[in-house]
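# Per-entry structural report
Residue-level listing of the chains:
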Amino acid sequence: MERAPLHVIDSHTEGEPTRVVIAGGPDLGTGPLAERAQRLRENHDWLRSAVCNEPRGHEAMVGALLCEPHAADCCCGVIFFNNVSTLNMCIHGSIGLTVTLAHLGKIGPGTHRIDTPVGVVVAELREDGSVEIANVPSYRKAAAVAVEVPHWGTVRGDIAWGGNWFFLIDQQGPAVDFANLDALTAFAWAVRQELGAQGITGDGGMEIDHIELFGPPANPHLADSRNFVLCPGKAYDRSPCGTGTSAKLACLAAAGKLLPGEIWRQASILDTVFEGRIELLADGKIIPRVSGRAWVNGQSTYHFDPTDPFRDGIPSPISH
């Protein structure tokens, strides 16, 4: 099957890559972004694999398909995906998308509404180039949930929604330090597997596919905490993870440890920092506002030679 070239722009947000498909993607029709994301998963998974998997991509790559919005007041729609499937939401990707749109001359400083599969988010592009994302309503579902993990015993964590489902673990497991990447990955992956095996889920039985570990910051003058986030495809997040920061803010708010107007500075495993603040909603949920910086660092055209056995990417060994 002949494929048209894909045109992409690369950026990174505090170290985590985003690859925006700006032209050449499949026709997913109209309707809500969640429905179009399902069509992408079921009928056009080649796009995800071609963009995020080797030989063009790698395990940490996050793709973003630029779409027409369903919500009429939005500047664009977007569907995020990674090395194994589509993503519900991605804040680092939304920051990267915002900077990419500015690079293309499509937006300028100010607020811009973006349609996603889980609802509309609002991006504020500031004059200094930083971006704040007002995320979808977020909340803590449960606190101090116990899961039995081989070789580690009882591990306790909070379950929270920040646009994706997270299990948040504070100061258990290996120390949150870049030198411990392999051990952190193994521990977080074991926790994720046991959550599924023990029937511990988010609302509606949704899989908890992000594991977030916390420890003290390297520099308490620059951050309040340092995290390690294991993403669904078994890659660690190079940024502090925007949806993970949202989930953390929701847990802090639920515990009475963060009030509106206060700033939480979340460092990543690379010690890059997102700043977060909250708005309280009447139902007890919060609107997280997460800010950081992204930089455009490349632009490419992808060609699909019919004789190339890996034109649509090398499948990831990790199943979603």
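These lines cover the structure that appears in this document, whether it is placed above or below. Sequence order as written defines residue numbering, which begins from 1 separately in each chain. Owing to the predicted nature of the model, reporting of local features is limited to residues with pLDDT of at least 70; listing and counting of side-chain atom pairs is limited to 80 or more, with chain, interface and lining totals taken over all residues. In computing side-chain values, all of the structure's heavy atoms are included and hydrogens and water are not.

### Description of the pattern of salt bridges
Criterion for a salt bridge: a side-chain nitrogen of Lys or Arg within 4 Å of a carboxyl oxygen of Asp or Glu. Within the structure shown, the criterion is met by 15 salt bridges. A salt bridge links Arg48 to Asp45, with the shortest nitrogen-to-oxygen separation between them at 2.8 Å. Taken as a pair, Arg48 and Asp45 lie in helix H2 (residues 45-52) at a separation of three residues, close to a single helical turn. Type-normalised accessible area, obtained with a 1.4 Å probe on protein chains alone, sets the label of each residue: buried when under 20%, exposed when over 50%, and partly exposed for intermediate values. Judged by relative accessible area, Arg48 falls into the buried class, the value being 7%. The partner of Arg226 in a salt bridge is Asp177, and the shortest N-O contact between them spans 3.7 Å. Put simply, DSSP H or I for four residues or longer makes a helix, DSSP E for two residues or longer makes a strand, and each gets a number counted from the N terminus.

### A few points about the nonpolar core
Soluble, globular proteins show a tendency: their nonpolar side chains are buried together. In plain words, nonpolar cores are sets of buried Ala, Val, Leu, Ile, Met, Phe, Trp, Tyr and Cys residues tied together by side-chain atoms within 4.5 Å. The biggest cluster of nonpolar side chains holds 61 residues, and the ones touching the most others in it are Phe167, Val191, Leu213 and Phe228. Element by element, the count of residues in this core is highest for helix H4 (residues 181-197), at seven residues. For this analysis, residues touch if any pair of their heavy atoms sits within 4.5 Å. For Val191, the contacting residues outside a window of four places in its chain are Val147, Val149, Phe167, Ile169 and Ile211. Counting residues in each nonpolar core, the second largest holds 19 residues, with Leu33, Val51, Leu65 and Tyr302 among its members.

### A few points about the packing of aromatic side chains
A pair of aromatic rings is counted whenever rings of Phe, Tyr or Trp (Trp by its six-membered ring) have centres within 6.5 Å, and the orientation is called stacked for planes under 30 degrees apart, edge-to-face for over 60 and tilted otherwise. Applying the stated criterion to the full structure yields five aromatic pairs. Ring geometry for Trp152 against Phe187: centres 4.8 Å apart, planes inclined by 65°, an arrangement best described as edge-to-face. On the criterion of sequence distance, the pair formed by Trp152 in the loop between strand E9 (139-149) and strand E10 (153-161) and Phe187 in helix H4 is long-range, its members being 35 residues apart. Residue class for Trp152 comes out partly exposed when judged on its relative accessible area of 41%. Taking the relative accessible area as the measure of exposure, Phe187 reaches 1% and is therefore buried. Seen from their ring centres, Phe228 and Tyr236 are 6.3 Å apart, and the 20° between their planes marks the pair as stacked.

### Remarks on unusual backbone geometry
In this structure, Pro55 follows Glu54 across a cis peptide bond, with omega equal to 10°. Looking at where Pro55 falls in the secondary structure, it is placed in the loop between H2 and strand E3 (62-67). The phi angle at Ala144 is positive, at roughly 50°, despite the residue not being glycine. Relative to the helices and strands, Ala144 is located in strand E9. Although it is not a glycine, Lys234 sits at a positive phi angle of roughly 75°. Here Lys234 shows up in the loop between strand E13 (225-230) and helix H5 (242-254).

### Quick word on helix H3 (residues 91-103)
Any helix carries an expected span of 1.5 Å times its number of residues minus one. Here H3 spans 18 Å end to end across 13 residues, near enough to the 18 Å set by a 1.5 Å rise per residue. Among the 13 residues in H3, eleven count as buried, and that is most of the element. Among the residues making up H3, those that are buried are Ile91, His92, Gly93, Ser94, Ile95, Gly96, Leu97, Thr98, Val99, Thr100 and Leu101.

### Comments concerning H4
The first and last C-alpha atoms of H4 sit 24 Å apart over 17 residues, in line with the 24 Å expected at 1.5 Å per residue. All of the buried residues in H4 are Leu181, Leu184, Thr185, Phe187, Ala188, Trp189, Val191, Arg192 and Leu195. Residues of H4 that are buried in the fold lie against E9, E10, strand E11 (165-170), strand E12 (210-215) and E13. Immediately beyond the C-terminal end of H4, within one or two residues, lies Gly199, with a positive phi of roughly 70°.

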